[in-house]
Amino acid sequence: DAKTTQPNSMESNEEEPVHLPCNHSTISGTDYIHWYRQLPSQGPEYVIHGLTSNVNNRMASLAIAEDRKSSTLILHRATLRDAAVYYCILRDVYAGGTSYGKLTFGQGTILTVHP
Amino acid sequence: DAGVTQSPTHLIKTRGQHVTLRCSPISGHKSVSWYQQVLGQGPQFIFQYYEKEERGRGNFPDRFSARQFPNYSSELNVNALLLGDSALYLCASSPVTYYNEQFFGPGTRLTVL
(Lines give C-alpha, C1' and ligand atoms only; values in the text may rest on other atoms or scores of the structure.)
Protein backbone atom coordinates (compact mmCIF):
# COMPACT_ATOMS: atom_id res chain seq x y z
CA ASP A 1 0.00 0.00 0.00
CA ALA A 2 1.21 3.50 -0.82
CA LYS A 3 2.18 5.39 2.33
CA THR A 4 0.83 8.72 3.57
CA THR A 5 2.51 11.16 5.95
CA GLN A 6 0.54 13.52 8.18
CA PRO A 7 1.52 15.84 11.04
CA ASN A 8 0.87 14.27 14.43
CA SER A 9 -1.24 17.16 15.65
CA MET A 10 -2.66 20.55 14.70
CA GLU A 11 -4.58 23.23 16.53
CA SER A 12 -7.20 25.69 15.40
CA ASN A 13 -9.60 28.23 16.79
CA GLU A 14 -13.33 27.87 16.44
CA GLU A 15 -14.83 29.41 13.28
CA GLU A 16 -11.43 29.68 11.58
CA PRO A 17 -10.42 27.63 8.52
CA VAL A 18 -8.26 24.57 9.01
CA HIS A 19 -5.90 23.10 6.44
CA LEU A 20 -4.84 19.53 7.16
CA PRO A 21 -1.94 18.39 4.95
CA CYS A 22 -1.10 14.92 3.70
CA ASN A 23 1.96 13.82 1.74
CA HIS A 24 1.75 10.77 -0.51
CA SER A 25 4.80 10.95 -2.75
CA THR A 26 4.52 7.28 -3.86
CA ILE A 27 0.91 7.54 -4.98
CA SER A 28 0.02 5.53 -8.06
CA GLY A 29 -2.20 6.63 -10.92
CA THR A 30 -5.10 4.50 -9.73
CA ASP A 31 -5.00 5.55 -6.06
CA TYR A 32 -7.92 7.57 -4.76
CA ILE A 33 -7.25 9.91 -1.83
CA HIS A 34 -9.70 9.36 1.01
CA TRP A 35 -10.16 11.23 4.26
CA TYR A 36 -11.84 9.80 7.31
CA ARG A 37 -12.11 11.26 10.78
CA GLN A 38 -12.65 9.68 14.15
CA LEU A 39 -14.35 11.64 16.88
CA PRO A 40 -13.64 10.65 20.49
CA SER A 41 -15.25 7.33 21.47
CA GLN A 42 -16.68 6.77 17.98
CA GLY A 43 -15.84 4.77 14.89
CA PRO A 44 -14.26 6.55 11.93
CA GLU A 45 -16.54 8.43 9.57
CA TYR A 46 -16.04 9.21 5.90
CA VAL A 47 -15.26 12.82 5.08
CA ILE A 48 -14.37 13.10 1.40
CA HIS A 49 -12.42 11.47 -1.42
CA GLY A 50 -10.95 12.45 -4.76
CA LEU A 51 -8.69 11.34 -7.59
CA THR A 52 -7.28 14.35 -9.43
CA SER A 53 -9.61 17.32 -9.23
CA ASN A 54 -10.44 19.33 -6.15
CA VAL A 55 -13.63 18.13 -4.45
CA ASN A 56 -16.20 19.81 -2.25
CA ASN A 57 -18.98 18.40 -0.11
CA ARG A 58 -21.03 19.56 2.83
CA MET A 59 -18.34 18.61 5.31
CA ALA A 60 -15.11 19.77 3.72
CA SER A 61 -13.05 20.48 0.61
CA LEU A 62 -10.19 18.42 -0.73
CA ALA A 63 -7.40 20.18 -2.59
CA ILE A 64 -5.14 17.85 -4.59
CA ALA A 65 -1.75 18.98 -5.86
CA GLU A 66 -1.23 18.88 -9.60
CA ASP A 67 1.39 16.10 -9.29
CA ARG A 68 -0.91 14.31 -6.78
CA LYS A 69 1.96 13.86 -4.34
CA SER A 70 0.17 15.82 -1.66
CA SER A 71 -3.32 16.89 -0.70
CA THR A 72 -5.00 19.16 1.82
CA LEU A 73 -8.27 18.67 3.64
CA ILE A 74 -9.92 22.02 4.25
CA LEU A 75 -12.48 22.65 6.96
CA HIS A 76 -13.84 26.07 6.10
CA ARG A 77 -15.06 27.03 9.58
CA ALA A 78 -13.91 24.76 12.37
CA THR A 79 -16.33 23.96 15.15
CA LEU A 80 -15.72 22.21 18.45
CA ARG A 81 -17.39 19.15 16.93
CA ASP A 82 -14.59 18.96 14.35
CA ALA A 83 -12.06 18.01 17.05
CA ALA A 84 -11.03 14.52 15.97
CA VAL A 85 -8.27 12.39 14.50
CA TYR A 86 -8.14 12.90 10.74
CA TYR A 87 -6.83 10.09 8.55
CA CYS A 88 -5.57 10.46 4.99
CA ILE A 89 -5.81 7.11 3.16
CA LEU A 90 -4.89 5.99 -0.33
CA ARG A 91 -7.10 3.37 -1.91
CA ASP A 92 -6.47 1.69 -5.26
CA VAL A 93 -9.57 2.04 -7.41
CA TYR A 94 -8.82 -1.38 -8.85
CA ALA A 95 -8.23 -2.98 -5.43
CA GLY A 96 -8.95 -6.64 -5.61
CA GLY A 97 -7.84 -9.93 -4.14
CA THR A 98 -6.91 -9.64 -0.49
CA SER A 99 -7.05 -5.83 -0.68
CA TYR A 100 -10.71 -5.82 -1.66
CA GLY A 101 -12.48 -3.20 0.46
CA LYS A 102 -9.43 -2.63 2.66
CA LEU A 103 -8.66 0.77 4.16
CA THR A 104 -5.11 1.25 5.43
CA PHE A 105 -5.09 3.76 8.28
CA GLY A 106 -1.94 5.51 9.49
CA GLN A 107 -1.50 7.46 12.71
CA GLY A 108 -3.58 10.42 11.51
CA THR A 109 -3.56 14.04 12.67
CA ILE A 110 -5.11 14.95 16.00
CA LEU A 111 -7.01 18.19 15.48
CA THR A 112 -7.69 20.32 18.55
CA VAL A 113 -10.21 23.15 18.20
CA HIS A 114 -10.11 25.94 20.76
CA PRO A 115 -13.27 27.92 21.64
CA ASP B 1 -32.13 4.89 9.36
CA ALA B 2 -30.11 2.82 11.78
CA GLY B 3 -26.37 2.86 11.31
CA VAL B 4 -23.99 -0.04 11.81
CA THR B 5 -24.60 -1.66 15.16
CA GLN B 6 -22.17 -3.76 17.18
CA SER B 7 -22.53 -5.87 20.27
CA PRO B 8 -21.51 -6.02 22.97
CA THR B 9 -20.27 -2.50 23.68
CA HIS B 10 -17.67 -3.62 26.18
CA LEU B 11 -16.27 -7.01 27.05
CA ILE B 12 -13.74 -8.30 29.56
CA LYS B 13 -12.10 -11.68 29.05
CA THR B 14 -9.10 -13.51 30.45
CA ARG B 15 -6.14 -14.90 28.55
CA GLY B 16 -6.87 -18.13 26.70
CA GLN B 17 -10.59 -17.55 26.44
CA HIS B 18 -12.62 -17.24 23.27
CA VAL B 19 -14.70 -14.21 22.23
CA THR B 20 -17.41 -13.57 19.64
CA LEU B 21 -18.21 -10.05 18.48
CA ARG B 22 -21.28 -9.23 16.42
CA CYS B 23 -22.06 -6.66 13.76
CA SER B 24 -25.23 -5.67 11.92
CA PRO B 25 -24.63 -3.65 8.76
CA ILE B 26 -26.74 -0.83 7.46
CA SER B 27 -29.84 -2.17 5.71
CA GLY B 28 -29.03 -2.95 2.10
CA HIS B 29 -25.26 -3.16 2.65
CA LYS B 30 -23.88 -6.55 1.69
CA SER B 31 -20.21 -5.94 2.51
CA VAL B 32 -18.84 -6.04 6.06
CA SER B 33 -15.28 -5.35 7.15
CA TRP B 34 -13.61 -5.78 10.53
CA TYR B 35 -10.82 -3.63 11.97
CA GLN B 36 -8.77 -3.74 15.16
CA GLN B 37 -7.77 -0.45 16.78
CA VAL B 38 -5.17 -0.59 19.52
CA LEU B 39 -5.06 2.44 21.80
CA GLY B 40 -3.22 5.33 20.19
CA GLN B 41 -3.08 3.80 16.71
CA GLY B 42 -5.21 3.84 13.60
CA PRO B 43 -7.54 0.93 12.81
CA GLN B 44 -5.95 -2.15 11.22
CA PHE B 45 -7.86 -4.22 8.65
CA ILE B 46 -8.69 -7.77 9.71
CA PHE B 47 -11.30 -9.16 7.28
CA GLN B 48 -13.79 -8.22 4.61
CA TYR B 49 -16.83 -10.31 3.74
CA TYR B 50 -19.18 -9.88 0.82
CA GLU B 51 -22.10 -12.15 0.05
CA LYS B 52 -20.99 -14.51 2.83
CA GLU B 53 -17.57 -15.03 1.27
CA GLU B 54 -14.23 -13.77 2.55
CA ARG B 55 -12.94 -11.19 0.09
CA GLY B 56 -10.00 -9.78 2.01
CA ARG B 57 -7.76 -10.67 4.93
CA GLY B 58 -5.26 -8.60 6.84
CA ASN B 59 -2.09 -9.72 8.58
CA PHE B 60 -3.68 -11.40 11.59
CA PRO B 61 -3.09 -14.91 12.98
CA ASP B 62 -5.44 -17.81 12.42
CA ARG B 63 -6.86 -17.28 15.90
CA PHE B 64 -8.98 -14.63 14.22
CA SER B 65 -11.88 -15.83 12.10
CA ALA B 66 -15.14 -14.39 10.88
CA ARG B 67 -18.27 -15.27 9.03
CA GLN B 68 -21.21 -13.53 7.40
CA PHE B 69 -24.78 -14.71 7.65
CA PRO B 70 -27.57 -14.72 5.00
CA ASN B 71 -28.94 -11.47 6.47
CA TYR B 72 -25.43 -9.95 5.98
CA SER B 73 -24.73 -9.62 9.69
CA SER B 74 -21.31 -10.82 10.73
CA GLU B 75 -19.40 -12.34 13.62
CA LEU B 76 -15.73 -11.97 14.47
CA ASN B 77 -14.27 -14.78 16.55
CA VAL B 78 -10.98 -14.68 18.39
CA ASN B 79 -9.61 -17.84 20.02
CA ALA B 80 -6.92 -18.24 22.69
CA LEU B 81 -7.02 -14.58 23.66
CA LEU B 82 -3.75 -12.79 24.37
CA LEU B 83 -3.20 -9.60 26.33
CA GLY B 84 -2.30 -7.93 23.03
CA ASP B 85 -5.76 -8.58 21.67
CA SER B 86 -7.09 -5.84 23.94
CA ALA B 87 -8.41 -3.24 21.52
CA LEU B 88 -11.43 -1.57 20.00
CA TYR B 89 -12.92 -3.82 17.32
CA LEU B 90 -14.69 -1.91 14.59
CA CYS B 91 -17.13 -3.15 12.00
CA ALA B 92 -17.79 -1.26 8.79
CA SER B 93 -20.34 -1.84 6.05
CA SER B 94 -20.48 -0.70 2.44
CA PRO B 95 -23.10 -0.64 -0.31
CA VAL B 96 -22.91 -3.39 -2.91
CA THR B 97 -21.17 -1.58 -5.73
CA TYR B 98 -19.84 1.57 -4.12
CA TYR B 99 -16.78 0.94 -1.99
CA ASN B 100 -15.58 4.51 -1.73
CA GLU B 101 -17.36 5.10 1.55
CA GLN B 102 -17.35 2.70 4.47
CA PHE B 103 -19.74 3.23 7.37
CA PHE B 104 -18.30 2.32 10.75
CA GLY B 105 -20.05 1.19 13.89
CA PRO B 106 -19.13 2.43 17.36
CA GLY B 107 -16.99 -0.60 18.06
CA THR B 108 -16.65 -3.21 20.78
CA ARG B 109 -14.05 -2.49 23.46
CA LEU B 110 -12.35 -5.79 24.36
CA THR B 111 -10.15 -5.99 27.43
CA VAL B 112 -8.10 -9.13 28.00
CA LEU B 113 -6.78 -9.63 31.53
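It should be emphasised that the depicted structure is a prediction, and the values quoted were computed from it without experimental measurement.

Undergrad: Can you walk me through the overall build of chain B in this structure?
TA: For chain B, the count of helices and strands is zero helices and 11 strands. Start at the N end of chain B and walk to the C end: the helices and strands fall as β-β-β-β-β-β-β-β-β-β-β. Overall, chain B is about 40 × 25 × 25 Å in size when its C-alpha atoms are taken along their principal axes. The buried share of chain B, taken over its 113 residues, is 51%. Contacts spanning at least 24 positions in sequence make up 52% of the contacts within chain B whose residues lie at least 6 apart. Accessible surface, chain B: about 5,300 Å² in total, of which carbon and sulfur atoms supply 51%.

Undergrad: Is there a simple way to explain the pattern of salt bridges in this structure?
TA: Opposite charge on two side chains permits them to pair, given that their charged atoms come into close proximity. Residues and elements named next belong to chain A. Tallied over the full model, the rule gives 10 salt bridges over all chains. A salt bridge links D82 to R37, with the shortest nitrogen-to-oxygen separation between them at 2.8 Å. Separated by 45 residues along the polypeptide, D82 in the loop between β7 (70–75) and β8 (84–92) and R37 in strand β3 (residues 31–38) bring together distant segments of the chain. Grouping residues by exposure puts D82 and R37 together as buried. Within the structure, one salt-bridge network assembled from shared partners comprises R37, E45 and D82.

Undergrad: I would appreciate a short explanation of the packing of aromatic side chains in the present structure.
TA: Aromatic rings in a pair are described by how distant their centres are and how their planes are angled relative to each other. Applying the stated criterion across every chain yields a total of 10 aromatic pairs over all chains. Pairing F105 of chain A with F104 of chain B gives two aromatic rings, centres 6.1 Å apart and planes at 80°, and the pair type is edge-to-face. A residue pair is termed interchain when its members come from two chains, as with F105 of chain A in the loop between β8 and β9 (109–114) and F104 of chain B in strand β10 (residues 103–104). An aromatic cluster of at least three residues, connected via ring pairs, comprises Y36, Y46, Y87 and F105 of chain A together with Y35, F45 and F104 of chain B.

Undergrad: How should the interface of chain A and chain B be read in this particular structure?
TA: Often, the extent of an interface is quoted as the loss of accessible area on bringing the components together. Contact with chain A, which involves 18 residues of that partner, is made by 23 residues of chain B. Counting the surface lost from both chain A and chain B, the interface buries some 1,700 Å², and carbon and sulfur atoms represent 49% of this. At the boundary of chain A with chain B, the tally comes to zero salt bridges. Where chain A touches chain B, the interface holds four residue pairs in polar contact (both at pLDDT 80 or more). Elements with a contribution of two residues or more to the side of chain A that touches chain B: β3, β4 (45–50) and β8 of chain A. Counting residues per element, the side of chain A that touches chain B draws most heavily on β3 of chain A, which supplies three residues. Its residues assigned to classes, the side of chain A that touches chain B comprises seven nonpolar, nine polar and two charged.

Undergrad: I'm lost on the sheet that holds strand β1 (residues 5–7) of chain B in this one. Help?
TA: What holds strands together in a sheet is hydrogen bonding between their backbones, with the strands either parallel or antiparallel. All names here are of chain B. Reading across from one edge, β1-β3-β8-β7 is the order of the four strands in this open sheet, with antiparallel pairing throughout. The two strands at the open ends of the sheet, each matched to only one other strand, are β1 and β7 (64–68). Direction aside, the axes of adjacent strands within the sheet are offset by 20° on average. Sheet topology places β1 next to strand β3 (residues 19–24); three bridges connect them, and they run antiparallel. Bridging across to β3, T5 finds its partner in S24.

Undergrad: Mind showing me how you'd approach the layout of surface pockets here?
TA: Over the atoms, a rolled probe matching the size of one water molecule traces out where space is still vacant. Looking at the largest pocket, its volume works out to about 530 Å³. Lining the largest pocket we find 24 residues, and of these Q38 and S41 of chain A together with Q37, L39 and R109 of chain B sit closest to its centre. At three residues, β8 of chain A tops the list of elements feeding residues into the lining of the largest pocket. A class-by-class count of the residues in the lining of the largest pocket yields 10 nonpolar, 13 polar and one charged. In this structure, the second largest pocket occupies an estimated 250 Å³ of space. Lining the second largest pocket are 14 residues, and of these P44, E45 and Y46 of chain A together with E101 and F103 of chain B lie nearest its centre. Put simply, the parts of the chain that give the lining of the second largest pocket at least two residues each are β4 of chain A together with β10 of chain B. Counting residues per element, the lining of the second largest pocket draws most heavily on β4 of chain A, at three residues. A breakdown of the residues in the lining of the second largest pocket according to their chemical character gives seven nonpolar, four polar and three charged.

Undergrad: Which parts of the structure should I look at to understand the sheet that holds strand β6 (residues 61–64) of chain A?
TA: Residue and element names in this part refer to chain A. Strand order in the open sheet formed by four strands is β2-β7-β6-β5, with antiparallel pairing between adjacent strands. Looking along the sheet, the strands with just one partner apiece sit at the ends: β2 (18–23) and β5 (55–56). Bridging between β2 and β7 involves six bridges; their strand directions are antiparallel. Residue pairing in the sheet places H19 in a bridge with I74 of β7.

About the criteria used
Residues numbered from 1 in each chain as written. Chains lettered and ligands numbered in written order. Predicted model: local features only at pLDDT ≥ 70, side-chain atom pairs only at ≥ 80, totals over all residues. Heavy atoms only, no water. Helix = DSSP H or I, 4+ residues; strand = E, 2+ residues; numbered from the N terminus. Buried < 20%, exposed > 50% of the residue type's maximum accessible area, 1.4 Å probe, protein only. Contact = heavy atoms within 4.5 Å. Areas by Shrake-Rupley, 256 points an atom, 1.4 Å probe, with all protein chains shown as cover. Salt bridge = Lys/Arg side-chain N within 4 Å of Asp/Glu carboxyl O. Phe/Tyr/Trp six-rings, centres within 6.5 Å; stacked < 30°, edge-to-face > 60°. Buried area = accessible area lost by both parts, 1.4 Å probe. Polar contact = N/O pair within 3.5 Å; in protein donor to acceptor, adjacent residues only side chain to side chain. Nonpolar A, V, L, I, M, F, W, Y, C, P; charged D, E, K, R; others polar. Pairing = 2+ DSSP bridges. Axes fitted to C-alpha atoms, helices over the stretch in contact; angles between N-to-C directions. 1 Å grid on protein atoms, 1.4 Å probe; cavity = no way out; pocket = protein on both sides within 12 Å on 5 of 7 lines; lining within 4 Å. Points joined across faces, edges and corners; volume = space filled by probe spheres on them.

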